[in-house]
Amino acid sequence: MSPEASSVPRSLAEALRARDDASLAALLRDRPDLVAPVPTDLTQLATRAGTRASVLRALEHLDRFTLQTAQALAVAPDPATYDTLHELLAGDDGDPAVDEALPGAVATLRRQALIWGDDDRLHLVRTARELLAPSPQHPSPTGLGPTVREATSGMSPGRVQQIVNTAGLPSTHDPVSAVTALTGLFADRKRMDALLAGAPEAAREVLTRLMWGPPYGQVTADPATHLRWLLDRGLLLPTAPGTVVLPREVALHLRGGRAHRVPEPVPPAVEPAVAHAPQIVDATGAGQAYTALATVEDLLKHWDQGGPAVLRAGGLSVRDLKRTAVALDAPEPLAAFWIELAYAAGLLASDGAADERYAPTPAYDTWLERPVAERWGRLAAAWLAATRTAGLIGGRDIKDRALSTLGPGLDRSAAPEVRHRVLTLLAGLPAGVAPAPEAVLSRLTWERPLRTPQRDGTEDLRIRLARWALSEAELLGVTGRGALSSHGRALLGAAPDPDPDSLSPERSSAGPSTATAVGLLAPLLPEPLDHVLLQADLTAVAPGPLLRPLAETLGVLADVESKGGATVYRFTPASVRRALDAGQTAADLHAFLAQHSRTPVPQPLTYLIDDVARRHGHLRVGVASAYVRCDDDAVLNEIIADKRAAALRLRRLAPTVLAAPCDPATLLEGLRALGYAPAAESAQGDVLIVRSDTHRTPPRTAPEPVPEGPPPADTVLLTAAVRAIRAGDLAATAPLKAPGPAPTGGDLPRTSAADTLATMQAAVMTGEAVWIGYVNADGAASQRVVAPIRVEGGFVTAYDHTADEVRTYPLHRITGVAELAED
């Protein structure tokens, strides 16, 4: 055998063995599932790289043209040359785009160990061939059928000879040579043109219909003349009763040598659709970012005293989602997105109580104290990394169970990668330019093509994730008018950092990309105002965002009537009573309004506050189960006489005390419904001040994203993994020095105790490495290549090349030792 022939790898393991460390590290980086756990040697690495699950995962991460290249190899002979592969993709007429893209596609497949061998002997990994090769159960995307040899495997030798003779070929002595001759005819362009020149017109139409697939057709027991012409010459071959197939070689001739109807070596461009001024995009994104923050705050404020109950199976009920949507004045899918976003940011969780409910977390209070831009940065970073997908809410899982808000089953590990990719495509366009959404989706489809259609006829999950990413980015202000904003670009790390001195420690610790985005967004947000405009119709207009203390106090004193560019608050007796219940006095409210109004306080508002305050606390409600006491017995007489109070079942305990069998909260609501303004009191008789921000969950961490398979290995792990694989391969393949039979099939070296000791002592003096068999305390046997350093006291200390460290081995556990060959 020549040296050239001996250097040709005969298996994937040998091909991997010929790679350098950088190439092995690239393989492990591209296919991280091969690293967990680290293979013991290159043979095990090759075996694992050829498993069905690993190959399928690798194929699903190929772009369309690289996948088309693998599909072409699956219908080519094994092994195939580079020229054969090129012809299958470029056809007889050639294609300059294929010429340019094919070397990169082959390099990608070779780097990921999906093909091996040199360009004159390209082997597709057997498992990949099984997955991609055409079969009746799994048609190939190429639309090709079986080869002549595969289609005639069950045909009688006499019938094969008849086909050969009818096709104008001489008879052969055996069916194998007959099939070879027929295959040669179909692969010969000139002879095939001459054969098809005599075909009936109807026969050529049949071939044209089957040419691009599917290659199977139906015939009757007595086929028509033009079909009989095709069957007699093997241009159609029977595969089952009533079923015929177009052989692969015939289809390739009719296609001009192409395996695919439309090769796609060039990714579709993300063309610009609309161009806006970058300043308009940034301003639009900033406005939407502020709206997003206000919506999340409204949601958590709505659940401040304890939100909806947690379902037994986890999540939020449909009824509670509808109530929340009404409170936020938003559609239910949008309300579900805001709830999931707050949960992903760690601002919302279940309280873990016996009657478990959702409530804000302690992190929400800290978050509220941060500047507006930093609060947005936390939400945007959480959205970008979250695997929980709000778009799935309302659908069904694989067990046909409803997917609910905050419930299980919403994690999709591909979501963060899709969001990053969508924003990266937008970042590739000039500032202010928005693409058509379909152009983005077409590009993503090319990068991760669909290998199989969805069973329910819906879009592929990756495309749905991309659609949701585009709409959610607009809701969060990452994009504005469809274009990526400057702070959205910075969120991806695609923009320079602002002045580092302007970043607070909290913003700097959030990550460089998020801190940069926060720095760019902050100047675009409106400055909070310290005033409102009071009007005579008992309303107050906030012409912009308010300072937090002002907004919180005003939110207790008045009800929000409308939102938009300006927020309108309305004062009512109930809202004023709510402020008095929170511990404010009439004087406090008058002073507050006078301080924060740019207009004079209207007289109707002053009268409203004084009137409600005069009656507030005149009645006291406590526990009896509940009681009412009042210094003015005339008021109690009035209540007893009111027929509307019959449901409360009040009875007089004293001239100034009434008792009721209901709880204090029910009694309070009942009296307020009658037009009174009672105040709750404690067991000591003091007025009970009720605050609305008391219910919080115990400290909770944000949900961890669910990774898609093993996480990518870093450089340190890759270096250690390659070193361990090399060492293990050395131990498994290092040749023994003659004489001495080499262990076979994993057998351990066997020598006597005296020979083992002598060989070890000699290796210490010469510094050479030896091959040992070792059985540990658990009885597990292994082979190792070691370089002995010291032998004493029944132990040998040696550098273990397999483990890449110095170890000590008891001599009685070493089964034998063999010297390594010089080479």
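As a starting point, this report considers the structure included with it. Each chain carries its own residue numbering, running from 1 in the written order of its sequence. Reporting in this predicted model follows two pLDDT cut-offs: at least 70 for local features of residues, and 80 or more for side-chain atom pairs to be given and counted; totals over whole chains, interfaces and linings ignore these cut-offs and use all residues. Water and hydrogen atoms play no part in the side-chain values, which are based on all heavy atoms of the structure.

Take the pairing of strand β13 (residues 539-542) next. Burial here depends on accessible area, computed with a 1.4 Å probe over protein chains only, as a share of the maximum for the residue type. Under 20% is buried, over 50% is exposed, and the range in between is partly exposed. Per the convention used, a helix needs a DSSP run of H or I reaching at least four residues, while a strand needs a run of E reaching at least two, with both numbered from the N terminus. Going residue by residue along β13, you find T539 and V541 tucked away on one face and A540 and A542 tucked away on the opposite face as well. Where strand β12 (residues 533-535) folds back on β13, the antiparallel hairpin that results is connected by 3 residues, among which L538 adopts a positive phi of roughly 60°. Pairing between strands is defined by DSSP: at least two bridges between the two strands are required.

Take the state of the cysteines next. Here, two cysteine sulfur atoms that lie within 2.5 Å of each other are counted as a disulfide. Going through the model one piece at a time under the given rule, you end up with 0 disulfides. With no disulfide of its own, C630 lies closest to C662 among cysteine sulfurs, the gap being 17 Å.

Geometry is summarised by axes, namely lines fitted to C-alpha atoms with helices restricted to the contacting stretch, and by angles between N-to-C directions that run from 0 to 180 degrees. Interaxial distance between helix α18 (residues 318-328) and helix α19 (residues 332-344) falls to 9 Å at its minimum, and their mutual angle equals 95°. Considered as vectors, α18 and α19 are oriented roughly perpendicular to each other. Residue-level contacts link L321, K322, T324, A325 and L328 of α18 to E332, A335, A336 and I339 of α19. Ten residues, namely Ala, Val, Leu, Ile, Met, Phe, Trp, Tyr, Cys and Pro, are considered nonpolar, four, namely Asp, Glu, Lys and Arg, are considered charged, and the remaining ones, Gly among them, are considered polar. Here the contact of α18 with α19 is composed, by residue class, of 6 nonpolar, 1 polar and 2 charged. Small angles under 35 degrees read as roughly parallel and large ones over 145 as roughly antiparallel, with 65 to 115 read as roughly perpendicular and the rest as oblique. In what follows, residue pairs with any heavy atoms lying within 4.5 Å of each other are defined as contacts.

With that out of the way, let us pick up the sheet that holds strand β4 (residues 237-240). Taken in spatial order, the 3 strands make up an open sheet running β3-β5-β4, and their pairing is antiparallel. Taken across any chain shown, the strands that pair with only one partner, and hence form the sheet edges, are β3 (216-218) and β4. The sheet shows a mean angle of 40° between the axes of neighbouring strands, direction not considered. Bridge count between β3 and strand β5 (residues 243-245): 3 bridges; the pairing is antiparallel. Of the residues in β5, the one forming a bridge with Q218 is T243.

Before going further, it helps to spend a moment on the packing of aromatic side chains. Both the distance between ring centres and the angle between the ring planes are used here to describe each pair of aromatic rings. Between 30 and 60 degrees the pair is tilted, below 30 it is stacked and above 60 it is edge-to-face, where a pair is any two Phe, Tyr or Trp rings, Trp via its six-membered ring, whose centres lie within 6.5 Å. A complete count under the given rule lists 4 aromatic pairs for this structure. Ring geometry for Y774 and Y809: centres 4.9 Å apart, planes at 70°, overall edge-to-face. Residue Y774 is located in strand β21 (residues 770-775), and its partner Y809 is located in strand β24 (residues 805-810); the two are separated by 35 residues in the primary sequence. Across the pair, Y809 and Y774 agree in class, each one buried. In our convention, an over-ring charge means Lys NZ or Arg CZ found within 6 Å of a ring centre and within 35 degrees of that ring's normal. Here the guanidinium or amino end of R375 rests over the ring plane of W367, the centre of that ring lying 5.6 Å away.

So, about the environment of L429. On the secondary structure map, L429 appears in the loop between α22 (415-427) and β9 (433-435). By relative accessible area, which is 9% here, L429 ends up buried. Ignoring sequence-local partners within four residues, the contact set of L429 consists of V270, P272, A434, P435 and R489.

This brings us to the side chain of D41. Tracing the chain through its elements places D41 in the loop between α3 (21-30) and α4 (42-49). Neither His nor the chain ends contribute to the count of charged residues, in which Lys and Arg are positive and Asp and Glu negative. In what follows, salt bridge is the name for a side-chain nitrogen of Lys or Arg lying within 4 Å of a carboxyl oxygen of Asp or Glu. Of the side chains with opposite charge, R17 lies nearest to the buried D41, which makes no salt bridge, at 6.0 Å.

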